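So the chains spell out like this:
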Amino acid sequence: MRFMMFMIPKVYQPDTPSAERAVKGFTPSAESVARMMKFNEELAKAGVLISLDGLHPISKGARVAFSGGKQKVTDGPLIEAKEVIGGYWMIDVKSKEEAIVWATRIPAEDGDVIEIRQVFKMSDFPSDVQKAADNPRVKAQVEKRK
């Protein structure tokens, strides 16, 4: 079963005091990255790691909202969000319980949050949805990137 674990760092959360928030030019400390890489190595050694990445702060991003058939683009740094993803791990484990065990081992900082979400398999969908999702060009592009 594939699960995505999302890191929602305290430094990206709106309730965090402004002096503790990620600002322009933010990067995590070398010590924090070293702890995280040790954890990532454990995932890799266990054979459960599929992919992972850290994300720039939302101030460098954009949001596109859809309403009434129109799109509204909000560019950073003025984006307001309740929770902002700072990175993710895609893992392949036997159960949600095993994903939770891995999440509890993440060397997170006080106030960080990890969200765990199972990834759909095509067999989770009814046949009409499977048929609608069957696109050979998309499959080929995904396979090419692996």
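Data block above holds the structure.
Because the structure is a prediction, the values reported are computed rather than measured.

Participant: Which residues make up the side chain of Asn-40, and what are the values?
Facilitator: Assignment of secondary structure puts Asn-40 in helix H1 (residues 30-46). Setting aside its immediate chain neighbours within four residues, Asn-40 contacts Leu-49, Leu-52 and Trp-89.

Participant: Explain H1 to me, and be specific about the residues and the numbers.
Facilitator: With 17 residues, H1 should cover 24 Å at 1.5 Å per step; its first-to-last C-alpha distance of 24 Å lies within 8% of that length. Along H1, the positions that sit buried rather than exposed are Ser-32, Met-36, Phe-39, Asn-40 and Leu-43. Down the axis, H1 shows its buried residues gathered within 100 degrees of arc, on one side only. Set apart from the buried face of H1 by more than 90 degrees, the exposed residues are Ala-30, Glu-31, Lys-38 and Lys-45. Among the residues trailing H1, Gly-47 stands out with phi positive, at a value near 75 degrees.

Participant: Explain the packing of aromatic side chains to me, and be specific about the residues and the numbers.
Facilitator: Centre distance and the angle of the planes are the two values used to describe a pair of aromatic rings. Inspection of every chain in the model, using the stated rule, returns three aromatic pairs. A ring pair is formed by Phe-39 and Trp-89, whose centres lie 5.8 Å apart and whose planes are at 90 degrees; its orientation type is edge-to-face. Remark: Trp-89 occurs in strand E5 (residues 87-92) and Phe-39 occurs in helix H1; sequence separation between them is 50 residues. The pair formed by Phe-39 and Trp-89 is uniform in burial state, with each residue classed as buried. An angle of 65 degrees between the planes, with centres 6.1 Å apart, marks the rings of Phe-39 and Trp-102 as edge-to-face. On the criterion of sequence distance, the pair formed by Phe-39 in helix H1 and Trp-102 in helix H2 (residues 96-104) is long-range, its members being 63 residues apart. Assigned by exposure class, Phe-39 and Trp-102 land together as buried.

Participant: Go over the environment of Ser-95, please, and point to the residues and values.
Facilitator: Relative to the helices and strands, Ser-95 resides in the loop between E5 and H2. Separated by 23 residues in sequence, Ser-95 and Gln-118 place their C-alpha atoms 9.3 Å apart. Filtering out sequence-adjacent residues up to four positions away, Ser-95 remains in contact with Met-1 and Phe-3. For Ser-95, the side chain forms a polar contact with the main-chain nitrogen of Glu-98, separated by 3.1 Å.

Participant: I'd like to hear about the nonpolar core, residue by residue, with values.
Facilitator: Formed by 14 residues in total, the largest nonpolar core has its most connected members in Met-5, Trp-89, Ile-91, Trp-102 and Ile-106. Taken together, the elements giving at least two residues each to this core come down to strand E1 (2-8), H1, E5 and H2. Core analysis: the next-biggest nonpolar cluster, separate from the first, contains five residues, Met-4, Tyr-88, Met-90 and Val-119 among them.

Participant: Explain the pattern of salt bridges to me, using residue names and the numbers behind them.
Facilitator: Counting across every chain of the model gives five salt bridges. Glu-41 is the partner of Lys-45 in a salt bridge, and the nearest nitrogen-oxygen pair spans 3.4 Å. Placement of both Lys-45 and Glu-41 in helix H1 is noted, with a separation of four residues, approximately one turn of the helix. The salt bridge involving Glu-42 is made with Arg-105; its shortest N-O contact spans 2.5 Å. With Glu-42 in helix H1 and Arg-105 in the loop between H2 and strand E6 (113-118), the pair connects residues that are 63 residues apart, well separated along the chain.

Rules used throughout
- Residues numbered from 1 in each chain as written.
- Predicted model: local features only at pLDDT ≥ 70, side-chain atom pairs only at ≥ 80, totals over all residues.
- Heavy atoms only, no water.
- Helix = DSSP H or I, 4+ residues; strand = E, 2+ residues; numbered from the N terminus.
- Contact = heavy atoms within 4.5 Å.
- Expected span 1.5 Å × (residues − 1).
- Buried < 20%, exposed > 50% of the residue type's maximum accessible area, 1.4 Å probe, protein only.
- Arc of directions from axis to C-beta.
- Phe/Tyr/Trp six-rings, centres within 6.5 Å; stacked < 30°, edge-to-face > 60°.
- Polar contact = N/O pair within 3.5 Å; in protein donor to acceptor, adjacent residues only side chain to side chain.
- Core = buried A, V, L, I, M, F, W, Y, C linked by side-chain atoms within 4.5 Å.
- Salt bridge = Lys/Arg side-chain N within 4 Å of Asp/Glu carboxyl O.

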